[in-house]
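# Survey of secondary and tertiary structure
These are the residues of each chain, in order.
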Amino acid sequence: MAQPGLPIEALPAWALLNGITFPHVKVANIERKGFGLVRDGELKPEVPLMAVPNSLVLNVQAVDEYAKEDKNFKQLLGAVGHHSARRDILLFLLVQLVLASKTHQVPVGVSNPWTEYIKFLPKTVLVPTLWTEDERLLLRGTSLESAVNAKMTAITAEFDAVREATSSIPMWNDILWPYEDGNSPASLRSWILLDALYRSRVLELPKSGESMVPCIDMINHSTRASAYYDENDKDEVVLLPRPDSSISPGEEVTISYGDAKPAAEMLFSYGFIDPEATVESLVLPLEPFEDDPLAKAKLFAFKDLPKVLVARDKGSSAVSWNSPFAYLMCVNEEDGLDFRVLQDSVGGRQLRVFWREEDVTDRIGDFETLIQNSEVSTLIKLRVVTVVQERLQQQHERAQSFADLSSLPIGDVDLMRDECRQAASLLRRIETDLLKVVIDDSEKERRMLLADENVVAYLGSMETAESDLVGEEASNEPDDFS
């Protein structure tokens, strides 16, 4: 379905009709950024740059209120909603997209301000889920490769589940899926676009939580943001100038999307990388040892996704890494780790984690601290550093192997968008440089740990044990009288 559109020049009229005020800013086309807000007129300290009524804020509560007004949407929400705030909002936006398109024949849906506002939203976003298959190949060797593949798999499965559930509701089947040729009002492409719009525009409001806020969602990011958003005592979402900032007439007004987000996360969620970010960081998935008999129990108890986080402060050049799961990976039964299935007070059974007879289930991600007073703490630390270093080296080698475009199975490189090529190239450079620095730093740490007297003594005892074992095996061999 072609997404309906309205010219951005019509936005002020829509805002006025719906009670949004922005007396000191206007929407303008920002070079290389698309639309944004710029200062327009004299600023008054007591007047916000923008104020949006609470009735326009789109969050899970607003979706539930809409369901009370529209019994048909309530039926749709009951069939495939209530999984997450994100899915409920996407279902709401999908219905508004259908209402705005006017392609359906069955009267359905209650029009609201979002039915028109969705026409102002872009028809594409430069997030990797909306790149072409060839463009996504540019991400091979970066931390986004597996993340984007997983996201595409998950969002396709989600769309299939939505389609299957709604196809059994005659009215919604007629509205959403009347054609088999892909020209139905709803499609996988439109679902992926709505997901991209949500991820790139959702705000974390102090009172209302995850929400989409019209007009404020058009403000661009900067590490030197000149404004911030908040909720006032009227529950309006307001845009306010930062106390330490100065906004000149005609200057762009910006907010911060997050100062510490990795380049990969910025590209994944917003479709760009901020070259002025003060911190470079990288998140890599971590797999447990294949031969660890406790691997499944560790994964089950840990609950969070196993990963390694590495970071570098560009100002101080300080580097660091963090991986709670790596510590859990590297402790074993002989060190004092134990898993027990215990019965709770209501007759249920729970998996509990013990470290040297102490129940540490609630501290499963804090083994770095738990082992500190252990006689094997340095040895475990050496294991952890070695595991992390090997994972970083693996990623570094993979990134280098795909640095040359000719190594990728791409059709016509000229058909790729420049923005995608440049973003993928910048991401690869940032991650490769960061990995190299952290690998070198971890090697220094590993050598220092290898020189520790406790580690030297342990490794020496292991060599002696292995020599004794070899001797025993040799002594068991039959005598050779040849």
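Calculation notes
Residues numbered from 1 in each chain as written. Predicted model: local features only at pLDDT ≥ 70, side-chain atom pairs only at ≥ 80, totals over all residues. Heavy atoms only, no water. 1 Å grid on protein atoms, 1.4 Å probe; cavity = no way out; pocket = protein on both sides within 12 Å on 5 of 7 lines; lining within 4 Å. Points joined across faces, edges and corners; volume = space filled by probe spheres on them. Nonpolar A, V, L, I, M, F, W, Y, C, P; charged D, E, K, R; others polar. Axes fitted to C-alpha atoms, helices over the stretch in contact; angles between N-to-C directions. Helix = DSSP H or I, 4+ residues; strand = E, 2+ residues; numbered from the N terminus. Parallel < 35°, antiparallel > 145°, perpendicular 65-115°, else oblique. Contact = heavy atoms within 4.5 Å. Buried < 20%, exposed > 50% of the residue type's maximum accessible area, 1.4 Å probe, protein only. Pairing = 2+ DSSP bridges. Arc of directions from axis to C-beta. Salt bridge = Lys/Arg side-chain N within 4 Å of Asp/Glu carboxyl O.

The next subject is empty space enclosed by the protein. A full pass over the atoms with the stated rule returns one cavity of 30 Å³ or more. Considered class by class, the residues forming the lining of the largest cavity number two nonpolar, three polar and three charged.

Another point: the packing of helix 2 (residues 60-69) against helix 3 (residues 71-80). Any two packed helices are characterised by the angle at which their axes cross and by the distance between the axes. It is at 5 Å that the axes of helix 2 and helix 3 come closest, and there the two elements cross at 130 degrees. Relative to helix 3, the element helix 2 is oriented oblique. Here V63, D64, Y66, A67 and E69 of helix 2 come into contact with helix 3, specifically with K71, F73, K74 and L77. Of the residues contributing to the contact of helix 2 with helix 3, the split by class is five nonpolar, no polar and four charged.

What follows is about the pairing of strand 9 (residues 252-255). Burial along strand 9 is two-sided: E252 and T254 facing one way and V253 and I255 facing the other are all buried. Relative to strand 9, strand 2 (residues 34-39) runs antiparallel, the two being bridged by two bridges. Paired with V38 across the strands is E252, a residue of strand 9. Bridge count between strand 6 (residues 220-221) and strand 9: two bridges; the pairing is parallel. Paired with N220 across the bridge in strand 9 is T254.

Moving on, we get to helix 11 (residues 295-302). In an α-helix, one turn spans 3.6 residues, which is why side chains three or four residues apart end up on the same side. All of the buried residues along helix 11 are A295, A297, K298, A301 and F302. Down the axis of helix 11, the smallest arc covering the buried residues is 165 degrees, so these residues share one side. Looking at helix 11, the residues exposed on the side facing more than 90 degrees away from the buried face are K296 and F300. Looking at the packing, one finds that the buried side of helix 11 touches helix 12 (324-329), strand 13 (337-343) and strand 14 (349-355). Looking one or two places after helix 11, you find K303, whose phi comes out positive at around 70 degrees.

This model, assessed by the stated rule, comprises 27 salt bridges. Across the pair R201 and D217 runs a salt bridge whose closest N-O atoms are separated by 3.2 Å. Of this pair, R201 sits in helix 9 (residues 188-201) while D217 sits in the loop between strand 5 (209-211) and strand 6; the two residues are 16 residues apart in sequence, bridging distant segments of the chain. No difference in accessibility class separates R201 from D217, as the two residues are buried.

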